[in-house]
Each structure stands twice: as structure tokens, then as C-alpha cells.
Amino acid sequence: MDQFQEEYIRQEQLHRRRVKVIRRMLLVLLLALWELCTRLNIIDGFIFSSPSRVLFCLAGMVRDGSIWEHLGITLFETIVSFLLVTGIGIFMAVLLWSSRTLAEILEPYLVMLNSLPKSALAPMLIVWLGSHVHTIVVAAISVAVFGSIMTLHAGFQETDPDKIRLIRSLGGGKKEVLTKVLLPGAVPLIVSNMKVNVGLCLVGVIIGEFLSAKRGLGYLIIYSSQTFQLDILMMSILILCVVCALLYTGISFLKHLAEFDRNTEKENLL
């Protein structure tokens, strides 16, 4: 490794450390400013709460164990809906890629369903399916699945045609193109799509919990807003932010793992 490469790596590491430090400092600054404004009565602590009040509220709910039930059910619904959206999205995108006629028939319907406000579907789903966990999961799936199918299908359509022609020239059919070219080459696209879907599924779960749940962070938010327990409201929103960040980080880890495996494979081939 020459001097220029070493310098480039050092600069990249320094940049990443700087970004991490500034991120944490910004978070601490915002929380400190929020707390200071409530202590100095610049903003109303009853309406806007404060970090200390949120912390005391969280500590109380941790002691009585109630927060784990609400957090657990929301996480369960989000993960189940996310896995289903990922599976359905990949399956349907492959199906549309394999049949041009089917893709052209279904495309306007997918666009229409993706554009439809999903909050309008939730009350209808409750009437059809009842007030159950699976209703919330279906509501979350409806938020993310149509956009996922369209994004993956568009990405599949941009697969390198030279690689496809190579497989076909060697006697391979659609199955070989799918397993040797399309899916391996689409791993970065699938992972990026998963990053978007995990947030959308969480949004769908919260929408469903707003309307039909008796447990979950969405239920806590709507209940606390109706009873003016705004410390619980802010605590629930902050927990949602943390959950979303952790889920996003988990998907990012999968992306780095996939890139590492791909680079290792290339090095072995060389």
C-alpha cells in the first residue's frame, strides 16, 4: 500500500470520527437547550415536557414494567410486517420481471395503490379484520409493500443486459439469469429498499395502533394526548426515534456485511 492510499484511508477514518462526534454533540446540545428553555420558562414545560421529565416518566414505567409490554408489541408488529413486506416485494418484483405482459397490466394499479393515503385504509381494515394484532400488521404492510414492489422491479429492469446475454449464450434460461445475475447484483438495491421499508412499516404500525390497539407505543401516544399526559407522549415519541434508528442501523449492518462478503468473493477469484 503506497503513501497516497494510506493518507486517503487516514483521512476517511478521521472524517468518520468527526461526523460521529459532531452527531453526538448536536444531540446533547439539543437536549440541553430543550431542558434549559423549560427551566427558564421560555417554553411551557407542561406542553413541551423536558428531558428530565421524560426520563422520570420512563424510569417510572420501567419500574412497573408497563413500558416493555408496549415496546414489545410495537417491535413485534414492525418486524413481522417488515419481513412480510420484504418477502412479498421481492417475490412480486421477480414475478413482474419474468413477465412483461403482467408488469404492464399491473403497473397502473400499483401506482394507484401506492399513491392512496394508507390512513384511509386503516379504518376499513379494522371493519374487515377486526381489532387485532394481525390487522395492524396488514395496515403496516399496506404502507410499504406497493412502493417496495415498484422500486425493486424498476431496479431489476436495469440489470446489465450484457451479463444476461452472456448467461443466455451459455445455454442458461430465466432461472439461471435470476439466480446468477439478477438477485446477486440486486443485493445493494434490496438492502437499500429494506432501509426504507423498516421505517415505513413502523409508521404503518403506529397508524394501526392509533385506531385499534390497546397496547403499543401508538396506543400510548394517542392515549396520552387525549388525557394530556404529555410527558408520556414525548417519551413515546423519543422511544420511537430510538427504535427507528436502531432498526435502520441493523439494516445498515446487513449492507456492510453483504459488501464484505462480495469483496471477499472478488479477492478469492483474483
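Placed above this text is the structure.
Within each chain, residue numbers correspond to sequence positions counted from 1 in written order. Local features in a predicted model are, by the rule used here, given only for residues with pLDDT of at least 70; side-chain atom pairs are given and counted only at 80 or more, and totals for whole chains, interfaces and linings are based on all residues. The side-chain values count all of the structure's non-hydrogen atoms but skip hydrogen atoms and water molecules.

S.K.: I keep staring at the overall build of the chain and nothing clicks. Help me out?
M.R.: The helix and strand tally for the chain stands at 12 helices and zero strands. Helices (α) and strands (β) of the chain occur, in sequence order from the N terminus, as α-α-α-α-α-α-α-α-α-α-α-α. Radius of gyration: over C-alpha atoms. The globule rule applied is 2.2 Å multiplied by the number of residues raised to the 0.38 power. Relative to the globule expectation of 18 Å for 270 residues, the C-alpha radius of gyration of the chain, 23 Å, shows a markedly less compact shape. Along the three orthogonal principal directions, the C-alpha set of the chain runs to about 75 × 65 × 30 Å. Numbered from the N terminus, helices here are DSSP runs of H or I no shorter than four residues, and strands are runs of E no shorter than two.

S.K.: Help me understand the nonpolar core, please; the structure alone is not making it clear to me.
M.R.: Soluble globular proteins tend to pack their nonpolar side chains together in the buried interior. Within the largest apolar cluster, 48 residues are counted, with the highest numbers of intra-cluster contacts made by Ile67, Phe156, Leu217, Leu220, Met235 and Ile239. The element contributing the most residues to this core is helix H12 (residues 230-269), with nine residues. For the purposes of this section, nonpolar cores are sets of buried Ala, Val, Leu, Ile, Met, Phe, Trp, Tyr and Cys residues that join through side-chain atoms within 4.5 Å. A 1.4 Å probe rolled over the protein chains alone gives each residue an accessible area, and that area as a share of the maximum for its type sets the label: buried under 20%, exposed over 50%, partly exposed in between.

S.K.: How should the pattern of salt bridges be read in this particular structure?
M.R.: Should the charged atoms of two oppositely charged side chains come close, the side chains can pair. Basic side-chain nitrogens of Lys or Arg form a salt bridge, by our definition, when they fall within 4 Å of a carboxyl oxygen of Asp or Glu. Applying the stated rule across the entire model yields four salt bridges. Residues Asp231 and Arg53 are paired through a salt bridge, measuring 3.3 Å at the closest nitrogen-oxygen approach. With Asp231 in helix H12 and Arg53 in helix H3 (residues 51-64), this residue pair connects regions lying 178 residues apart in the sequence. Take Arg53: its relative accessible area is 34%, and that puts it in the partly exposed class. Taking the shortest distance from any N to any O, the salt bridge between Glu104 and Arg100 comes out at 3.1 Å. Linking Glu104 with Arg100, this pair stays in helix H5 (residues 100-115), spanning four residues, or about one helical turn. Residue Glu104 is classed as partly exposed on the basis of its relative accessible area, which comes to 48%.

S.K.: Hey, could you run me through a nonpolar patch on the surface in this one?
M.R.: Judged by side-chain polarity, Ile105, Tyr109, Met112, Leu113 and Leu116 come together as a nonpolar surface patch covering roughly 470 Å² of accessible area. Take Leu113: it is sitting in helix H5. Residues qualify for a patch when their relative accessible area is over 30% and they have no salt bridge, like charges being joined within 9 Å and the nonpolar side chains of Val, Leu, Ile, Met, Phe, Trp and Tyr within 5 Å. The Shrake-Rupley method, run with a 1.4 Å probe sphere, supplies the accessible areas, and residue values consider only the shown protein chains as cover.

S.K.: How should I be thinking about the packing of aromatic side chains in this particular structure?
M.R.: Note on aromatic pairs: each is described by the distance of the centres and the angle between the planes. When two rings of Phe, Tyr or Trp (its six-membered ring) have centres within 6.5 Å they constitute a pair, described as stacked for plane angles under 30 degrees, edge-to-face for angles over 60, and tilted for the intermediate range. Enumeration according to the criterion identifies one aromatic pair in this entry. Aromatic side chains Tyr219 and Tyr223 sit 5.8 Å apart centroid to centroid with 20° between the ring planes, which places their arrangement in the stacked category. One end of the pair, Tyr219, and the other, Tyr223, are both in helix H11 (residues 217-226), four residues apart, so they sit about a helical turn from each other. Given a relative accessible area of 36%, Tyr223 falls into the partly exposed group.

S.K.: What exactly am I supposed to notice about H5 here?
M.R.: Side chains of residues three or four places apart in an α-helix project in the same direction, reflecting 3.6 residues per turn. Expected helix span is computed as 1.5 Å times (number of residues minus one). Look at H5: 23 Å from first C-alpha to last across 16 residues, which is about the 22 Å you get at 1.5 Å a residue. Along H5, the helix axis deviates most sharply at Leu106, where the bend reaches about 40°; the proline Pro108 sits within four residues downstream. Each residue is assigned a bend, namely the angle between axes fitted to the seven residues that terminate at it and the seven residues that start at it.

S.K.: Help me understand a positive patch on the surface in this model?
M.R.: Neither His nor the chain ends contribute to the count of charged residues, in which Lys and Arg are positive and Asp and Glu negative. Charge placement uses NZ in Lys and CZ in Arg. For Asp and Glu, CG and CD serve respectively. A cluster of basic side chains, namely Arg16, Lys20, Arg23 and Arg24, defines a positive patch on the protein surface. By secondary structure assignment, the location of Arg23 is in helix H1 (residues 3-39). For Arg23, a relative accessible area of 61% gives the class exposed.

S.K.: Mind showing me how you'd approach the side chain of Ser224 here?
M.R.: In this fold, Ser224 is placed in helix H11. Residue Ser224 is classed as buried on the basis of its relative accessible area of 0%. Excluding its chain neighbours within four sequence positions, the residues that come into contact with Ser224 are Gln229, Ile232 and Leu233. By the convention used here, residues are in contact when the closest approach between their heavy atoms is within 4.5 Å.

S.K.: Honestly, unusual backbone geometry in this entry has me stumped. Any pointers?
M.R.: Glycine aside, a negative phi is what most residues show, and trans is what most peptide bonds show. Positive phi outside glycine occurs at Ser49, with the angle close to 60°. Within the secondary structure, Ser49 is located in the loop between helix H2 (45-48) and H3. One non-glycine residue, Phe228, adopts positive backbone phi at about 60°. Along the chain, the position of Phe228 falls in the loop between H11 and H12.

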